[in-house]
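This is what each chain is made of:
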Amino acid sequence: MSLKKRIEKLETSRGGSVLSLAEREMLVNILAKRDSIFWPWRWQANKCSHIPEMRRRQREYLAGSIGVAAKASGQNDWKSASAMRQSLIAAGHLAAVYSGGQVQSVVLTPLGEATSRALVGDRLNTFPQSLPVLVRLRHLSKQTSVRAVRESVLFGQELRGCPNDWDHLNELTLPLITAGCVFADSDTVGIACYVPIEGAPEPLPIEVDIESDQDLDDLYVHTFNSERLHLEAVEPRDQHEIIIPLPATGWGWPCHFPKEVTHDQQ
C-alpha cells in the first residue's frame, strides 16, 4: 500500500470502516441537501408557493418516511453510486427508506450526521454546541403567548438589513431544527421565528475523529445553494395546504430586540 493510501486510511478510518473520497462527498452532499430543506424559509411576497412543500418534506424527513435521494449525477455512474450508498448504509452512516423493495431515499444516522458535519468543518455546529441556544429559546418562548421567538430576540442583537449578514447566528439553530427540537417559522416581513418543540428527544452526542476538508466545505456550500434555488421552484404536492405566517406586529416580541430583556436573559 502506498504512503498516500496509508495516510488516507488513517485519516478516514472510523469505527472499523474507511470512507473513500467519493463516499465522503456523498455524505456531505446528502447533508447539504437535507439542511437546505430545514434552513429557515423566510416569507416573501409572491415567492412562497414552495413553503408548504418544504414543511411537508421536513415532517417526512423527521418521521423517517421520506429522506434525501442519493443518486449519481450521470446515468453511467448509477452502479458506483448505488454501491457507495449501500456501503454508507452498512457502515451506519445512512439509514435507508424503502419503497417497493428498493431504496427510495436515505436519512442521516447520528453517526452520519456527526461525520458529515465534521468533514465540512467549523462552518457547521453540532447539537451540543447549539444546546445553549435551545436552553435560551425555551426560556424566552415562555414569555410570549404564541411561544415563537424572533431571531433578534433569541440572539440579543438588532438584526437589520440582509439576513445573509447573520447566517452565522442562525447556523446555531440548524442542528436543533434538523433534530426536531425546534421549528423554524417566519412572520409576514420575513423575520425568522423559532419555536421549541415540547417533548422532542435530544440526540445523544457522538464524537468522531476525522479531519475537515476545505474542498468538502466548498462542496457543501455549492450543493446547499444549488438545492435552495431548486427548492424555491418546487410545487407543493398538496395544493390545498396553506401556510399562514406569523403577523409582523401584535404577537409577543417586537421586531427588534427589547433592551429590557438584555440584562435578564443573556
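Structure report, in brief. (Residues numbered from 1 in each chain as written. Predicted model: local features only at pLDDT ≥ 70, side-chain atom pairs only at ≥ 80, totals over all residues. Heavy atoms only, no water.)

### Some remarks on the sheet that holds strand E7 (residues 192-196)
Okay, step 1: In spatial order, the strands read E5-E7-E6; together these three strands make up an open sheet with antiparallel pairing. Among the strands making up the open sheet, the edge pair consists of strand E5 (149-150) and strand E6 (182-186).
Okay, step 2: Alignment of E5 against E7, held across two bridges, turns out to be antiparallel. Note on E7: the bridge partner recorded for Val-149 is Tyr-194.
Okay, step 3: Relative to the sheet, helix H6 (residues 127-141) contacts E5, E6 and E7, its axis offset from that of E7 by approximately 90 degrees. (Pairing = 2+ DSSP bridges. Helix = DSSP H or I, 4+ residues; strand = E, 2+ residues; numbered from the N terminus. Contact = heavy atoms within 4.5 Å. Axes fitted to C-alpha atoms, helices over the stretch in contact; angles between N-to-C directions.)

### Examining the side chain of Arg-55
Okay, step 1: Tracing the chain through its elements places Arg-55 in helix H3 (residues 51-63).
Okay, step 2: Setting aside its immediate chain neighbours within four residues, Arg-55 contacts Phe-183, Ala-184, Asp-185 and Ile-243.

### Section: H6
Okay, step 1: Compared with an ideal rise of 1.5 Å per residue, which puts 15 residues at 21 Å, H6 spans 19 Å between its outermost C-alpha atoms and is within 8% of the ideal.
Okay, step 2: The sharpest bend along H6 measures roughly 25 degrees and falls at Val-133. (Expected span 1.5 Å × (residues − 1). Bend = angle between axes of the 7 residues up to and from the residue.)

### Notes on the packing of aromatic side chains
Okay, step 1: Under the criterion given, the structure shown has three aromatic pairs.
Okay, step 2: Relative to Tyr-61, the ring of Phe-38 lies with its centre 5.8 Å away and its plane at 75 degrees, an arrangement referred to as edge-to-face. You can see Phe-38 sitting in helix H2 (residues 21-38) and its partner Tyr-61 sitting in helix H3, a full 23 residues away along the chain. The same class applies to Phe-38 as to Tyr-61, namely buried.
Okay, step 3: Ring geometry for Trp-39 versus Phe-224: centroids 6.1 Å apart, planes at 90 degrees, classification edge-to-face. Residue Trp-39 is found in the loop between H2 and H3, and its partner Phe-224 is found in helix H10 (residues 214-231); the two are separated by 185 residues along the sequence.
Okay, step 4: When its relative accessible area of 12% is taken as the criterion, Trp-39 is described as buried.
Okay, step 5: Members of the aromatic cluster, connected to one another through ring pairs, are Trp-39, Tyr-220 and Phe-224.
Okay, step 6: The lysine or arginine in question, Arg-228, covers the ring of Trp-41, its NZ or CZ lying 3.5 Å from the ring centre. (Phe/Tyr/Trp six-rings, centres within 6.5 Å; stacked < 30°, edge-to-face > 60°. Buried < 20%, exposed > 50% of the residue type's maximum accessible area, 1.4 Å probe, protein only. Lys NZ or Arg CZ within 6 Å of the ring centre and 35° of its normal.)

### Observations concerning the packing of H2 against helix H4 (residues 78-90)
Okay, step 1: H4 packs onto H2 with a crossing angle of 80 degrees between their chain directions and a minimal axis gap of 10 Å. Classed by the angle they form, the pair H2 and H4 counts as roughly perpendicular. Judged by residue contacts, Ala-22, Glu-23, Met-26 and Leu-27 of H2 engage Ala-81, Met-84, Arg-85, Ser-87 and Leu-88 from H4. (Parallel < 35°, antiparallel > 145°, perpendicular 65-115°, else oblique.)

### Details of the pattern of salt bridges
Any two side chains of opposite charge can pair, so long as their charged atoms come close to each other.
Okay, step 1: Going through the model one piece at a time under the given rule, you end up with 15 salt bridges.
Okay, step 2: Measuring nitrogen to oxygen at the nearest pair gives 2.8 Å for the salt bridge that ties Arg-42 to Glu-151. In this pair, Arg-42 sits in the loop between H2 and H3 while Glu-151 sits in helix H7 (residues 151-155), placing the two residues 109 residues apart along the sequence.
Okay, step 3: A salt bridge links Arg-55 to Asp-185; the shortest N-O distance between them is 3.2 Å. Note that Arg-55 is positioned in helix H3 and Asp-185 in strand E6, a separation of 130 residues in sequence.
Okay, step 4: Residue Asp-185 is classed as buried on the basis of its relative accessible area of 11%.
Okay, step 5: Counted as one network, the salt bridges with shared partners bring together Glu-53, Arg-56, Arg-57, Glu-60 and Arg-237. (Salt bridge = Lys/Arg side-chain N within 4 Å of Asp/Glu carboxyl O.)

The values reported here are purely geometric and, on their own, carry no functional implication.
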